[in-house]
Amino acid sequence: MFSRTALSSAFRQAARPARNPLQSSLFAPLQIRLLSAETRAAIDKAVGTAPVVLFMKGTPETPQCGFSRASIQILGLQGVDPSKFTAFNVLEDEELRQ
């Protein structure tokens, strides 16, 4: 019969979120190559413009997908001042969207 520690260890292992295999060091060079230097610089500049930056489909006034709509609603429910966050419409920039 299983001991309590064996069962709790097995449960902890099963409950632990799976690691993303793309985050391993094996795929790091691949991830770096996916973005051009210009796109990486644009993202770095955008992230530095405001305390909260949201890359979304559409704009805060007209979100184009459910996730973007939910993100805007969550920011509003948490009391994030709209003047303190910046939203970027990824649908307007093909390279950023990729």
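Residues numbered from 1 in each chain as written. Predicted model: local features only at pLDDT ≥ 70, side-chain atom pairs only at ≥ 80, totals over all residues. Heavy atoms only, no water.

Asks: Requested: an account of the packing of aromatic side chains, with residues and values cited.
Replies: Considering all chains together, one arrives at one aromatic pair under this definition. Ring centres of Phe55 and Phe88 lie 5.4 Å apart, and the angle between their planes is 20 degrees; this geometry places the pair in the stacked category. Within this pair, whereas Phe55 is found in strand E1 (residues 52-56), its partner Phe88 is found in strand E2 (residues 85-89), the two being separated by 33 residues in sequence. What makes Phe88 partly exposed here is its relative accessible area of 26%. (Phe/Tyr/Trp six-rings, centres within 6.5 Å; stacked < 30°, edge-to-face > 60°. Helix = DSSP H or I, 4+ residues; strand = E, 2+ residues; numbered from the N terminus. Buried < 20%, exposed > 50% of the residue type's maximum accessible area, 1.4 Å probe, protein only.)

Asks: Please set out the nonpolar core residue by residue, giving values where relevant.
Replies: If you look at the biggest cluster of nonpolar residues, it comprises five residues: Leu54, Met56, Ile72, Leu75 and Phe85. Secondary-structure elements contributing two or more residues to this core are E1 and helix H4 (66-77). Discounting residues that sit within four places of it in the chain, Ile72 has contacts with Leu54, Met56, Pro60 and Phe85. (Core = buried A, V, L, I, M, F, W, Y, C linked by side-chain atoms within 4.5 Å. Contact = heavy atoms within 4.5 Å.)

Asks: Can you tell me about H4, naming the residues and giving the values?
Replies: What sets the pattern is the α-helix's 3.6 residues per turn: residues three or four places apart point alike. Between the first and last C-alpha of H4 there are 16 Å, a value that for 12 residues agrees with the 16 Å anticipated at 1.5 Å per step. Within the sequence span of H4, burial applies to Ser68, Ser71, Ile72 and Leu75. Looking straight down H4, one finds that the buried residues subtend no more than 95 degrees of arc, so they occupy a single side. Facing away from the buried side of H4 by over 90 degrees, the exposed positions are Gly66, Ile74 and Leu77. (Expected span 1.5 Å × (residues − 1). Arc of directions from axis to C-beta.)

Don't take any of this as a statement about function, it's just geometry.
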